[in-house]
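# Close look at the chain arrangement
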Amino acid sequence: MTVPQVMTPREIVSELDRYIVGQHEAKRAVAIALRNRWRRQNVAPDLRDEIAPKNILMIGPTGVGKTEIARRLARLAQAPFIKVEASRYTEVGYVGRDVESMIRDLAELSVKMVREEARERVAVKARENAEEHLLDLLFPPPAKVRRPVGMTPQGDIEVNADGDSQKETREKLRKLLRDGHLNDREVEIEVSASASPMVEVLAPQGLEEMGLNMKELMNQLMPKKTRNRKVKIPEALELLTQEEAARLVDMEAVAQEAIHRAEQSGIVFIDEIDKIAGRDSTRGPDVSREGVQRDLLPIVEGSTVNTKYGAIKTDHILFVASGAFHTSKPSDLIPEFQGRFPIRVELKALVRDDFIRILTEPENALTRQYTALMETEGVNLKFTDDAVGALAEIAAAVNARSENIGARRLHTVLERLLEELSFNAPELRQREITIDAAYVHGRLDPIVKDEDLSRYIL
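Residues numbered from 1 in each chain as written. Predicted model: local features only at pLDDT ≥ 70, side-chain atom pairs only at ≥ 80, totals over all residues. Heavy atoms only, no water.

### Some remarks on the overall build of the protein
What the protein contains, in helices and strands, is 19 helices and 11 strands. Every one of the 458 residues in the protein was classed for burial, and the buried ones make up 41%. Taking the intrachain contacts of the protein between residues at least 6 apart in sequence as the baseline, contacts between residues at least 24 apart amount to 79%. For the protein, the exposed area adds up to about 26400 Å²; of that, 51% sits on carbon and sulfur atoms. (Helix = DSSP H or I, 4+ residues; strand = E, 2+ residues; numbered from the N terminus. Buried < 20%, exposed > 50% of the residue type's maximum accessible area, 1.4 Å probe, protein only. Contact = heavy atoms within 4.5 Å. Areas by Shrake-Rupley, 256 points an atom, 1.4 Å probe, with all protein chains shown as cover.)

### Points about the packing of helix α5 (residues 101-121) against helix α10 (residues 251-265)
For the pair α5 and α10, the least separation of the axes is 8 Å and the interaxial angle reads 125°. The orientation of α5 with respect to α10, classified from their angle, is oblique. Handedness of the α5/α10 crossing: right-handed. Between α5 and α10, the contacting residues are Leu106, Ser110, Val111, Met113, Val114, Arg115, Glu117 and Ala118 on the first element and Met251, Val254, Glu257, Ala258, Arg261 and Ala262 on the second. Each residue belonging to the contact of α5 with α10 can be placed in one class, and the counts come to nine nonpolar, one polar and four charged. (Axes fitted to C-alpha atoms, helices over the stretch in contact; angles between N-to-C directions. Parallel < 35°, antiparallel > 145°, perpendicular 65-115°, else oblique. Left-handed = near helix turned anticlockwise from the far one by under 90°. Nonpolar A, V, L, I, M, F, W, Y, C, P; charged D, E, K, R; others polar.)

### Overview of unusual backbone geometry
In the Ramachandran plot, Glu272 falls in the positive-phi region, its phi being about 55° despite a non-glycine side chain. Its place among the elements puts Glu272 in the loop between β5 (267-271) and α11 (285-301). Phi angles above zero are rare outside glycine, and Phe325 is one such case at about 55°. Along the chain, Phe325 falls in the loop between β8 (318-323) and α12 (335-339).

### As for the layout of surface pockets
As a volume, the largest pocket reaches approximately 670 Å³. Along the walls of the largest pocket sit 28 residues, with Gly63, Gly65, Glu68, Ala407 and Arg408 positioned nearest its centre. Elements with a minimum of two residues in the lining of the largest pocket: α4 (66-77), β8, α14 (366-375) and α16 (408-417). Here the residues of the lining of the largest pocket are counted per class, giving 11 nonpolar, nine polar and eight charged. (1 Å grid on protein atoms, 1.4 Å probe; cavity = no way out; pocket = protein on both sides within 12 Å on 5 of 7 lines; lining within 4 Å. Points joined across faces, edges and corners; volume = space filled by probe spheres on them.)

### Some details on the packing of helix α1 (residues 9-17) against α4
As a packed pair, α1 and α4 sit with axes 10 Å apart at the nearest point and diverge in direction by 125°. One finds that α1 runs oblique with respect to α4. Judged by the twist between their axes, the crossing of α1 over α4 is right-handed. Residues Ile12, Glu15 and Leu16 of α1 touch α4, and the partners they reach there are Ile69, Arg72, Leu73 and Leu76.

### Details of the sheet that holds strand β9 (residues 343-346)
With respect to topology, five strands assemble into an open sheet ordered β2-β5-β8-β1-β9, the strand pairing being parallel. Of all strands in the sheet, those bounded by a partner on one side alone are β2 (81-85) and β9. Neighbour to neighbour, the strand axes of the sheet diverge by 15° on average, direction disregarded. Relative to β8, strand β1 (residues 56-59) runs parallel, the two sharing four bridges. Of the residues in β8, the one forming a bridge with Ile56 is Val320. Its contacts with the sheet put helix α2 (residues 24-41) on β1, β5, β8 and β9, and the angle it makes with β9 is roughly 150°. (Pairing = 2+ DSSP bridges.)

### What to know about the nonpolar core
Grouped together as the largest cluster of nonpolar side chains are 60 residues, with contacts concentrated most on Leu381, Leu391, Leu414, Leu418, Ile435 and Val440. Looking at this core element by element, the count peaks at eight residues for helix α15 (residues 385-401). In terms of nonpolar packing, the next biggest core, distinct from the first, is built from 33 residues, Ile259, Ala277, Val292 and Ile312 among them. (Core = buried A, V, L, I, M, F, W, Y, C linked by side-chain atoms within 4.5 Å.)

### Points about the environment of Leu410
Counting through the fold element by element, Leu410 comes out in helix α16. When its relative accessible area of 2% is taken as the criterion, Leu410 is described as buried. Considered as a pair, Leu410 and Ala392 are 18 residues apart in the sequence and their alpha carbons are 7.7 Å apart. In contact with Leu410, other than residues within four places in its own chain, are Phe355, Ile358, Leu359, Leu366, Leu391 and Ala395.

### Quick look at the packing of aromatic side chains
A full pass over the atoms with the stated rule returns one aromatic pair. Here the aromatic rings of Phe337 and Phe341 are separated by 5.2 Å at their centres, their planes lie at 50°, and the arrangement is tilted. Since its relative accessible area comes to 0%, Phe337 is described here as buried. Its relative accessible area of 3% is what places Phe341 among the buried residues. (Phe/Tyr/Trp six-rings, centres within 6.5 Å; stacked < 30°, edge-to-face > 60°.)

The following block contains the structure:
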């Protein structure tokens, strides 16, 4: 099997730089880890299974880019990727989800990814089949009647001209269909409708997957049903194409490829790992926290998880964990769990200069987002350099004085700044609005100076 080429670490960092400011150590760590997935696939088979992924632990305050790095990594990975919250899981016997459910969710995503790829491969054939089906509905073929074969005076077999006229009419109809001249017509099509049993399966807390599997099994036992729908030609063509694509895709091959892809290139991002870092205690919630770590440990170090598509070995799945560690520290994790995350990266807290870059440099910068939103109302919104500096200074000051929420503070500050403009925008069409430092201070200074007020509003 050929291994697809992936981006180099430098290219991955460059791509992340387009959306995330700073945090080069974290970007380099995830870029190397992602590239190592490709390197391992190209190693000789006898050594390939011995190379374990180097899991990453990202440490840093909230709002500095940990989750954003994971979100962007998902788009670059070209591999099954799932982000989960550690606080959702708990030790068996406590309220919460079973830790193995993250691997089942990864399997679901992998199957969805491979199924979409398979449907794209058969899209042309499915469209052709759907088109033929639709033409049969619009121009039903004549019933086959056995007729005696005629002979011409020269002794040749006489050809029935009706068949040729049928083909000509069908091709003319096909051209009208492709050119969109039949889009306003309605046809009645037969589509499959799964017969869902009117039974609710109640599974124990933490075993919701068992309930889903039982419902799926009951669906399979029920007979397949179809129903008729009267729709316009374009919608009918789409529905028939989906039905044909589903028939052409081999779901057994899809499940097999999905399991292989999840095992060899799957990535699991565990956020809020600090929430399960318990301190020295044998009572209270810390017991459950340590239990979550012990339940996570076999999955991270390598075990087999049963899913409805087959067993998945987690030995070569890459785990990336992140946490703020405000009230705890990485050493509060149990030693065995710490050892499974050998690469540790500390993300730095954001300061005024970082906020300025966040407001101007990324392709999805907040200033560009608000400018685009106002353009929909016909308002030309502009931010001056001194306005950006004032916004960054206010965000940094409020973070320093109250809870530090990082770049998320900019969302709050900008929403408060542009609240009046957003409300009146429909009446300001064809106007140019310039946001400068004076406008920023005039709108926000009264709130910033009142510490009690700023704690609730900013």
